[in-house]
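# What the coordinates show
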Amino acid sequence: MARYGGRQTVTVLPGDGIGPEMFSHVQKVFDTATVPVDFEMAPLRADLTIKRDEDFENAIISIQRNGVALKGNIETKLEDPHIPRNMELRSRLKLFANIVHCVSIPTVPSRHNDLDIVMIRENTEGEYSGLEHSPQPGVVESLKIATKVKIEQIVRFAFDYAVKYNRTKVTAVHKANIQKLGDGLFLKIATEMKEQYPQIQFQSMIVDNASMQLVSRPQQFNGGIMLMPNLYGNIISNIACGLVGGPGLVSGMNIGEKYAIFETATRNTGTAISGKNIANPTAFFRASCDMLRYLGLDNYANFISDALFIALTEQGVHTKDIGGTAKTSDLVEAVIKNINAEMKKQKHI
Ligand code: ADP
Ligand code: MG
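Residues numbered from 1 in each chain as written. Chains lettered and ligands numbered in written order. Predicted model: local features only at pLDDT ≥ 70, side-chain atom pairs only at ≥ 80, totals over all residues. Heavy atoms only, no water.

### Re helix α8 (residues 282–294)
Just so we agree on the cut-off: Only DSSP runs of H or I with at least four residues qualify as helices, and only runs of E with at least two residues qualify as strands; both kinds are numbered from the N terminus onward. To estimate the expected span of a helix, subtract one from its residue number and multiply by 1.5 Å. Partly exposed residues are those whose accessible area sits between 20% and 50% of the maximum for their type, while under 20% is buried and over 50% is exposed, using a 1.4 Å probe and protein chains only.
Helix length check: α8, at 13 residues, gives a terminal C-alpha distance of 18 Å against a target of 18 Å (1.5 Å per residue), a fit within 8%. Taken across its 13 residues, α8 has ten buried, putting it largely inside the fold. Phi turns positive, to about 80°, at Gly296, one or two residues after α8.

In structure tokens, the structure reads:
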């Protein structure tokens, strides 16, 4: 990782929509908290069609040099024939695991309270292999790739995560009754590997039932991990994010052996709400805290997340998406004020 004079450089891919404004807020908060991190901007956006490949390669090189990136979503237009850039970044950098921790925030209105579920999703294969073709007019073949190596990697990651972070249970979500080979392999590997982790409870659940259980009785997954192949993981994670308050609140991590990218859990672009000072910056702040923890800068992460938590709970600074009237800037200012207050307090100790 790139660390000079005690400072860490990280790549920032602001993306489209609300991304650029959200990272300017993250920068302000980092400055306030005197976080020893510098941003290297990689302007990778949907509209840069001319220098497309050059910009993409530069972004990859920057992340490879710095080891970590903060990322907004790059808009993927339905008519764009290329492999989506977001997806290509994950596969090129071998970011095999996506982790989304859905925790209820007190005072944020939601359908269920006191949720605490970790979603671990295979992040580079399955339906996201970019292999679709039309062998003849009116017929499309869309390939879902499942490999033993990558399944073992994600299943191992989930069980190790459970041990490290004291999660009691792993639920493997699948559709092996229909996708007998593809999901069958996933289920088989998960069921075999659980034997190596006798301290962790294990169960499997068919994805349709898991969806129903999650919206009706999500508490049954509390304290555990839902382990999923790529596409189910995408959908189920979004359901879980919806349960704890929506796209503006939750962050997501993409982890590989060498590199990591931190972004919002639901990976939305937010084009329609950009430039209006109404987006909820919480998910981006939490992504930046995840990154700081990954870098071993836990004190700074706690500092910022405590300030944010106070603003959202005690101070009730709620943006429109969670039923409030606060603007983006109101929440940013509240966080900055809370950080300043805490810094003042610590100086007097
Ligand atoms: P996509 O990236 O798929 O185009 P959208 O940008 O349409 O997704 O986002 C999906 C929904 O989530 C929209 O209603 C959008 O306004 C909302 N949303 C996404 N991010 C935020 C945020 N940070 N704060 C508030 N609402 C958000
Ligand atoms: Mg959109």
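### Points about the pairing of strand β4 (residues 68–71)
Moving residue by residue along a regular strand, the side chains alternate between the two faces of the sheet. Applied cut-off: DSSP-based pairing: two strands are paired if at least 2 bridges between them are found.
Neither face of β4 is exposed, since Val68 and Leu70 on one face and Ala69 and Lys71 on the opposite face are all buried. Note: strand β2 (residues 7–13) against β4, three bridges, orientation parallel. Residue pairing for β4: Leu13 is matched across the bridge by Lys71. The pairing of β4 with strand β13 (residues 260–264) spans three bridges and is classified as parallel. Across the sheet, the residue bridging to Ala69 is Ile261, located in β13.

### Some remarks on the pattern of salt bridges
Definition in use: The term salt bridge refers to a side-chain nitrogen of Lys or Arg lying within 4 Å of a carboxyl oxygen of Asp or Glu.
What the rule picks out here adds up to 14 salt bridges. We note a salt bridge from Lys345 to Glu342, for which the minimum N-O separation is 3.5 Å. Of the two residues, Lys345 and Glu342 are both situated in helix α10 (residues 328–348); the distance of three residues between them amounts to about one turn of the helix. When salt bridges with common partners are traced through the structure, they connect Lys71, Glu263 and Arg267 into a single cluster.

### Some remarks on the packing of aromatic side chains
Convention followed: Between the rings of Phe, Tyr and Trp (Trp by its six-membered ring), a pair exists once the centres lie within 6.5 Å; its type follows the angle of the planes, with under 30 degrees stacked, over 60 edge-to-face, and the other angles tilted.
One pass over the structure, following the stated rule, counts eight aromatic pairs. Consider the rings of Phe23 and Phe284, whose centres lie 5.5 Å apart with planes at 85°: the pair is edge-to-face. In this pair, Phe23 is assigned in helix α1 (residues 19–32) and Phe284 in helix α8, connecting sequence segments 261 residues apart. Comparing Phe23 with Phe284, the two get one shared label, buried. Measuring from centroid to centroid gives 5.7 Å for Phe30 and Phe39, while their planes differ by 55°, and the two rings are tilted. Of the residues examined, Phe39 reaches a relative accessible area of 17% and is grouped as buried. By way of ring pairs, the aromatic residues Phe96, Phe157, Tyr161 and Tyr165 are connected into one cluster.

### Some thoughts on the site of ligand 1
Basically, it comes down to this: Residues are labelled near a given molecule or strand when at least one of their non-hydrogen atoms is within 4 Å of it. Each polar contact in these results corresponds to two N or O atoms within 3.5 Å; when the atoms are within protein, one needs to be able to donate a hydrogen and the other to accept it, and residues that are neighboring in sequence are counted only if both atoms are side-chain atoms. Per-residue accessibility takes into account occlusion by the displayed protein chains alone, with areas from the Shrake-Rupley method and a 1.4 Å probe. Here the term charged refers only to Asp, Glu, Lys and Arg, the term nonpolar to Ala, Val, Leu, Ile, Met, Phe, Trp, Tyr, Cys and Pro, and the term polar to all other amino acids, Gly among them.
In the vicinity of ligand 1, the residues found are Ile18, Pro247, Gly248, Asn268, Thr269, Gly270, Thr271, Ile273, Ala279, Asn280 and Asp321. The contact in question runs from an oxygen atom of ligand 1 to an N or O atom on the side chain of Asn268, over 3.0 Å. Backbone polar atom of Asn280 to a nitrogen atom of ligand 1: 2.9 Å apart, as the coordinates give it. Protein chains shield 62% of the accessible area of ligand 1, which is 550 Å² for the free molecule. Residues belonging to the shell around ligand 1 are distributed by class as follows: four nonpolar, six polar and one charged.

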